[in-house]
Amino acid sequence: MSVTRDFEAKCRTPRRPVEGDTSTDTIGGTSVFWQGRWQSSEVARSHGWVRRPAPANDHLAEWGVDLDGLERPARPSRFSAAELWDMEFPPVAWVVPDYIAAGLTLLVGAPKLGKSWLALDLCRAVAEGGYVLGDRHCSQGSALYAALEDNPRRLKDRLRKVCARKPSDALAIWTEMRMLDDGGLTDLRRWIEAASNPRLIVIDVLNKVRSAQGRTEAPYAYDYRSVTPLKELADEFGVAIVVVHPTRKADAGD
């Protein structure tokens, strides 16, 4: 009887992906599992993983994968204006049509303008596949709202105001998060890898997850350094990451 139960349990356990497995990615293309994580088709192309005719028994060759690893020609970065004119690029992968695309977006404004309300509503619309900003319909997918200045009681009250019905598990909410350079980026990566069809992450607010500014570091350099890892993560997985940040409360010359 014990042997039978063990066998049944193994049958119910989903198979872990292996190198070369493919599936539908967050923007309707084909993603490939490589180097321990799912890589989107957009990422595959951006890294120069070339397609080539695949032998009948080699499901990796389509992505330029062989026993020696990935075939990654250098990505061109210098070309004439005429060459650029003739280039073709894939359509923009909109998460919120015309407003938020896959990649990094900054949501910046003065305090108390309603940025957090908008951030929650964006996540709600993506998680349920509904409308936001009036008439913008979002394709359904998983969303993560890191509401790092709120508590569960307040968030529950806000959820009841922005949701017409009980939300599904497609919307995850965090009220605490590690600093990006102290495990926070790893936590986001794990959420993306575990979520079903991850499409949107909102971090509210930036100052809760970025490291301290260097004593001699210029403000622009500090801001750029703070968001670069998030931009790279968004590009790697083809998801949208929105970072909420308030403008200064006091007047400033810069």
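Up top is the structure these notes are about.
Quick caveat: nothing in here was measured; it's all calculated off a predicted structure.

(A) Highlighting the overall build of the protein chain. Looking only at helices and strands, the protein chain features seven helices and 14 strands. Relative to its 254 residues, the protein chain shows a buried fraction of 39%. In the protein chain, of all internal contacts separated by at least 6 residues, the share reaching a separation of at least 24 is 59%. Element-wise, carbon and sulfur atoms account for 52% of the exposed surface of the protein chain, whose accessible area totals about 16,100 Å².

(B) Structural detail: the pairing of strand β12 (residues 171-174). As paired elements, strand β11 (residues 142-147) and β12 share four bridges and run parallel to each other. Each residue of the ladder has a partner; that of A143, found in β12, is L171.

(C) Representation of the packing of helix α6 (residues 184-194) against helix α7 (residues 219-237) within the structure. It is at 11 Å that the axes of α6 and α7 come closest, and there the two elements cross at 15°. Between α6 and α7, the interaxial angle falls into the category roughly parallel. Between α6 and α7 lies a crossing whose hand is right-handed. Residues L185, L188, R189, I192 and E193 of α6 pack against P229, L230, L233, E236 and F237 of α7. Classifying every residue of the contact of α6 with α7 gives seven nonpolar, no polar and three charged.

(D) Quick peek at the sheet that holds β12. What the five strands build is an open sheet, ordered β8-β14-β13-β11-β12; its pairing is parallel. Pairing within the sheet leaves two strands with one partner each, and these edge strands are β8 (103-109) and β12. The sheet shows a mean angle of 15° between the axes of neighbouring strands, taken without regard to direction. When β8 meets strand β14 (residues 240-246), the two strands line up parallel, connected through seven bridges. Residue pairing for β14: L104 is matched across the bridge by I241.

(E) View of the environment of G141. By the secondary structure assignment, G141 is in the loop between β10 (136-137) and β11. Residue G141 is classed as buried on the basis of its relative accessible area of 0%. Counting along the chain gives 55 residues from G141 to S196, while the straight-line C-alpha distance between them is 7.2 Å. Residues in contact with G141, not counting those within four places in the same chain, are V126, A127, A170, N197 and R199.

(F) Up close: the pairing of β14. Summarising burial for β14: six of the seven residues are buried, a large majority. Bridge count for strand β13 (residues 198-204) against β14 is five bridges, and the pairing is parallel. When the sheet's bridge partners are listed, V202 is paired in β14 with V242. You can see the chain leave β13, run along α7 and come back into β14, and the turn it takes is right-handed.

(G) Molecular detail of the pattern of salt bridges. Inspection of the entire model under this criterion finds eleven salt bridges. Ionic pairing is found between K161 and D157, a salt bridge with its closest N-O pair at 2.9 Å. In this pair, K161 and D157 both sit in helix α5 (residues 152-162), four residues apart, roughly one turn of the helix. Exposure remark for K161: the relative accessible area of 54% places this residue in the exposed category. Judged by its relative accessible area of 41%, D157 falls in the partly exposed class. Between K231 and D235 there is a salt bridge; the shortest N-O distance is 2.4 Å. Taken together, the positions of K231 and D235, both in helix α7 and four residues apart, correspond to about one turn of that helix. We classify K231 as partly exposed; its relative accessible area is 38%.

(H) Main features of the packing of aromatic side chains. Applying the stated criterion to the full structure yields one aromatic pair. Between the aromatic rings of Y220 and Y224, the centroid separation amounts to 6.1 Å while the plane-to-plane angle is 35°, which identifies the pairing as tilted. Of this pair, Y220 and Y224 are both found in helix α7, four residues apart, which corresponds to roughly one turn of the helix. Taking the relative accessible area as the measure of exposure, Y224 reaches 53% and is therefore exposed.

Calculation rules
- Residues numbered from 1 in each chain as written.
- Predicted model: local features only at pLDDT ≥ 70, side-chain atom pairs only at ≥ 80, totals over all residues.
- Heavy atoms only, no water.
- Helix = DSSP H or I, 4+ residues; strand = E, 2+ residues; numbered from the N terminus.
- Buried < 20%, exposed > 50% of the residue type's maximum accessible area, 1.4 Å probe, protein only.
- Contact = heavy atoms within 4.5 Å.
- Areas by Shrake-Rupley, 256 points an atom, 1.4 Å probe, with all protein chains shown as cover.
- Pairing = 2+ DSSP bridges.
- Axes fitted to C-alpha atoms, helices over the stretch in contact; angles between N-to-C directions.
- Parallel < 35°, antiparallel > 145°, perpendicular 65-115°, else oblique.
- Left-handed = near helix turned anticlockwise from the far one by under 90°.
- Nonpolar A, V, L, I, M, F, W, Y, C, P; charged D, E, K, R; others polar.
- Right-handed = clockwise from strand over helix to strand, strands pointing away.
- Salt bridge = Lys/Arg side-chain N within 4 Å of Asp/Glu carboxyl O.
- Phe/Tyr/Trp six-rings, centres within 6.5 Å; stacked < 30°, edge-to-face > 60°.

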